[in-house]
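Residue-level structure breakdown
Listed below, chain by chain, are the residues.
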Amino acid sequence: VQLQASGGGLVQAGGSLGLSCAASGRTLSTYVMGWFRQAPGEQRDLVAVITSGGSPNYVDSVKGRFTISRDNAKSTIYLQMNSLKPEDTAVYYCNFKGYDWGRRYEYWGQGTQVTVSS
């Protein structure tokens, strides 16, 4: 299984960007899917996660600005980011994790850079 993330870029503060991440190789509709981000010199932190049933959760810093969604048929997740702030600048990684045949699996995308200028 490989995860391919896309959609990062450079945007001014207050602008919007959309990210997507698609899994290839297998359907992962039962997996929990999420987005993490890592700023330079910082640890990788959770941004948002969505269950297989479509229930989202967000860290406080992005609530009301970011929206996570998923398309189970395509094993794809999305992150719509609005009202972006310079502190949102980071490399964003998608993450899928779940169980198949009693074994836990976890996959990471390659990361996509989001830069928000002030």
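Model, not experiment: these values are computed from the prediction. (Residues numbered from 1 in each chain as written. Predicted model: local features only at pLDDT ≥ 70, side-chain atom pairs only at ≥ 80, totals over all residues. Heavy atoms only, no water.)

Summed over all chains, the structure comprises three aromatic pairs. A centroid spacing of 5.0 Å and a plane angle of 65 degrees characterise the contact between Phe 36 and Trp 108, whose relative ring orientation is edge-to-face. Here Phe 36 is found in strand β4 (residues 32–38), whereas its partner Trp 108 is found in strand β10 (residues 103–108), with 72 residues between them in sequence. The exposure class assigned to Phe 36 is buried, which follows from its relative accessible area of 15%. Ring centres 6.3 Å apart and planes at 15 degrees place the aromatic pair Tyr 105 and Tyr 107 in the stacked group. For Tyr 107, a relative accessible area of 15% translates into the label buried. Each member of the aromatic cluster is reached from another via a ring pair, and the members are Tyr 31, Tyr 105 and Tyr 107. Lying across the ring of Tyr 105, Arg 26 places its NZ or CZ 5.7 Å from the centre. Cation over ring: Arg 44 sits above Trp 108, and NZ or CZ is 4.7 Å from the ring centre. (Phe/Tyr/Trp six-rings, centres within 6.5 Å; stacked < 30°, edge-to-face > 60°. Helix = DSSP H or I, 4+ residues; strand = E, 2+ residues; numbered from the N terminus. Buried < 20%, exposed > 50% of the residue type's maximum accessible area, 1.4 Å probe, protein only. Lys NZ or Arg CZ within 6 Å of the ring centre and 35° of its normal.)

Below, the discussion takes up the environment of Ser 61. By the secondary structure assignment, Ser 61 is in the loop between β6 (56–58) and β7 (66–71). A relative accessible area of 40% places Ser 61 in the partly exposed class.

To continue, consider the side chain of Arg 37. Within the fold, Arg 37 resides in strand β4. With a relative accessible area of 15%, Arg 37 lands in the buried category. There is a polar contact of 2.9 Å between the side chain of Arg 37 and the side chain of Asp 88. For Arg 37, the contacting residues outside a window of four places in its chain are Gln 43, Arg 44, Asp 45, Val 47, Ser 61, Val 62, Phe 66, Glu 87, Asp 88, Ala 90, Val 91 and Tyr 92. (Polar contact = N/O pair within 3.5 Å; in protein donor to acceptor, adjacent residues only side chain to side chain. Contact = heavy atoms within 4.5 Å.)

Okay, the state of the cysteines next. One pass over the full model with this rule turns up one disulfide. Between the sulfur of Cys 21 and that of Cys 94 lies a disulfide, 2.0 Å long from S to S. Judged by the sign of its S-S torsion, about 55 degrees, the bond between Cys 21 and Cys 94 is right-handed. Of this pair, Cys 21 sits in strand β3 (residues 17–24) while Cys 94 sits in strand β9 (residues 90–100), placing them 73 residues apart in sequence. Like Cys 21, the residue Cys 94 is buried in the burial classification. (Disulfide = S-S within 2.5 Å.)

Our focus in this paragraph is unusual backbone geometry. The backbone of Ser 75 sits at a positive phi, close to 50 degrees, despite the residue not being glycine. With respect to the helices and strands, Ser 75 occurs in the loop between β7 and β8 (76–81). Among the residues examined, Ser 75 registers a relative accessible area of 2% and is labelled buried. Of note, the phi angle at Ser 83 is positive, near 50 degrees, even though the residue is not glycine. Its place among the elements puts Ser 83 in the loop between β8 and β9.

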